[in-house]
Every structure is written in C-alpha cells, then in structure tokens.
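Working through the structure, step by step
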Amino acid sequence: MKFSKLVSLGLIGLLTFGTVGCTTKTEEKKATEKAKTETTTEARDNMTLESYKTEFGKLYDTNIARLENYSKYKDIAVEEPTKDYPGNEAYLNELKKSYKDSEVKLQEFVNSLKKVKTDDPKLKEMNDKLIKEGDKVIGELKARSKKLEEVPNDLMSKSEVEFRRGLNDLVKVDNTAKSDFEEMINDVNEFLGMKPSNTKK
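Parameters at a glance
Residues numbered from 1 in each chain as written. Predicted model: local features only at pLDDT ≥ 70, side-chain atom pairs only at ≥ 80, totals over all residues. Heavy atoms only, no water. Core = buried A, V, L, I, M, F, W, Y, C linked by side-chain atoms within 4.5 Å. Buried < 20%, exposed > 50% of the residue type's maximum accessible area, 1.4 Å probe, protein only. Helix = DSSP H or I, 4+ residues; strand = E, 2+ residues; numbered from the N terminus. Contact = heavy atoms within 4.5 Å. Axes fitted to C-alpha atoms, helices over the stretch in contact; angles between N-to-C directions. Parallel < 35°, antiparallel > 145°, perpendicular 65-115°, else oblique. Left-handed = near helix turned anticlockwise from the far one by under 90°. Salt bridge = Lys/Arg side-chain N within 4 Å of Asp/Glu carboxyl O.

**Notes on the nonpolar core**
In this structure, Tyr 52, Phe 56, Phe 109, Leu 130 and Leu 167 are the most contacted members of the largest nonpolar core, which totals 37 residues. Of all the secondary structure elements, the ones that give two or more residues to this core are α2 (49-64), α3 (88-114), α4 (121-148), α6 (160-170) and α7 (176-192). Setting aside residues up to four positions removed in sequence, Phe 109 forms contacts with Phe 56, Leu 59, Tyr 60, Asn 63, Ile 64, Leu 130, Phe 181 and Ile 185.

**Some thoughts on the packing of α3 against α6**
To characterise two packed helices, one gives the angle between the axes of the helices and the distance between these axes. At a minimum axis distance of 11 Å, the contact between α3 and α6 shows a crossing angle of 30°. In terms of their interaxial angle, α3 and α6 are classed as roughly parallel. Here the hand of the crossing between α3 and α6 comes out right-handed. On α6, the residues touching Asn 88, Tyr 91, Leu 92 and Leu 95 of α3 are Glu 160, Phe 163, Arg 164 and Leu 167.

**A few points about the environment of Gly 193**
Along the polypeptide, Gly 193 turns up in the segment after α7. Judged by its relative accessible area of 57%, Gly 193 falls in the exposed class. Taking the C-alpha atoms as reference points, Gly 193 and Lys 53, 140 residues apart in sequence, are found 8.7 Å from one another.

**Observations concerning the pattern of salt bridges**
Two side chains bearing opposite charge may form a pair once their charged atoms approach each other closely. Under the defined criterion, the tally for this structure stands at 11 salt bridges. A salt bridge links Lys 100 to Glu 103, with the nearest nitrogen and oxygen atoms 3.8 Å apart. Of this pair, Lys 100 and Glu 103 both sit in helix α3, three residues apart, which is roughly one turn of that helix. With a relative accessible area of 11%, Glu 103 lands in the buried category. Here Glu 160 ties to Arg 164 by a salt bridge, and the two come within 2.9 Å at their closest N and O atoms. Pair noted here: Glu 160 and Arg 164 are both in helix α6, with a separation of four residues, about one helical turn.

Printed below as a string of structure tokens:
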C-alpha cells in the first residue's frame, strides 16, 4: 500500500514537472515568436529605401512574377484553330482558374504593400500609387470572372475560333488598369534600381 502511494506521488511529481517544463518551453517559444513579430513590424514601420527594395523584390517574385504562368490567356481570340486545344469547356475552366489565381496573388501583393510604413515621402507616394493601381487590376479581374459565369450555352457549342472570339467580346472590360499597373511596377523597379529575379529582360 505504501509502495503504491509512493509510486503515485512519484508519477504526480513527474507529471507536474513535465507540465511546468512544457509550459516554460511554450512560453519561451511564444516570447521568441513575439520578438520576431515585433522586429518585423518595427522594420516595416521604419522602412528605408534599401529595406523596401528587399521587401518589394520578395513580394514581386512570390506573387507578380508567377502570373507569367497565365500569359497564354493574354490573347483569348484566335484567327484559326490552335494545336492541342482542350475543348471549350476545359479552356473556359482554365481561364476562370487563371483569373482567380491572379486575383489571389495580386491581393496578397497589395495587402503586403498596405502593411508597409515609411518616413520617406517619395517612397510612400510610390507605394500608395502601386496599391491604388493594384486594386484597380483586382477589380478588373473580378469583373472578368463574373462575366465568365455568364457564358451563354449556345456559345459553348461553337467552334474554337468562334467560341474564343465570343469569349473575348464577353470579358472585355477596362484593360487600361493592367497597363497602368505594369507601368507603375516598371517605375518602381527603375526608382529602386533593381530588376526582380523572375522578370524578363
């Protein structure tokens, strides 16, 4: 009986020690993460030209450069049938996916830019303009995605050339937003004196 009590007390002691140890480790981990977050926040709150350059390069390579995967959808309309065309339905689904993925990537890019704070007036003005133009493109992509949900059934049964021409007419929206955004991106690169690693020369 005494032996059982001793074992029980010993187990309780180990469990108590283990819990305290885990709690201590958890608290240390939280403190480390908090310190990292505070450092990152502080860095973003006091961004210099050099730190903005580094941050912008990362954001560009992670989000904007990857949109090159959808360059094949730049020109929807075609004059003659294309090789390896997957069919109207598959093409439409891929087009929807490209717009949605592009919208998500751009939104992530713009959201990150909105977290940037700097005392440099020139840098702030440029960052604000980039956010504004990015929001315009996101709006354009949303408008296009909405129109793709309105494709009439009779258009779906057309030949590739007729289908893609009709699709092109259907999703036509203000394309100047994309041009303005690309121009702004180029202006930022020029101002920072850089060319993100995934951009084409």
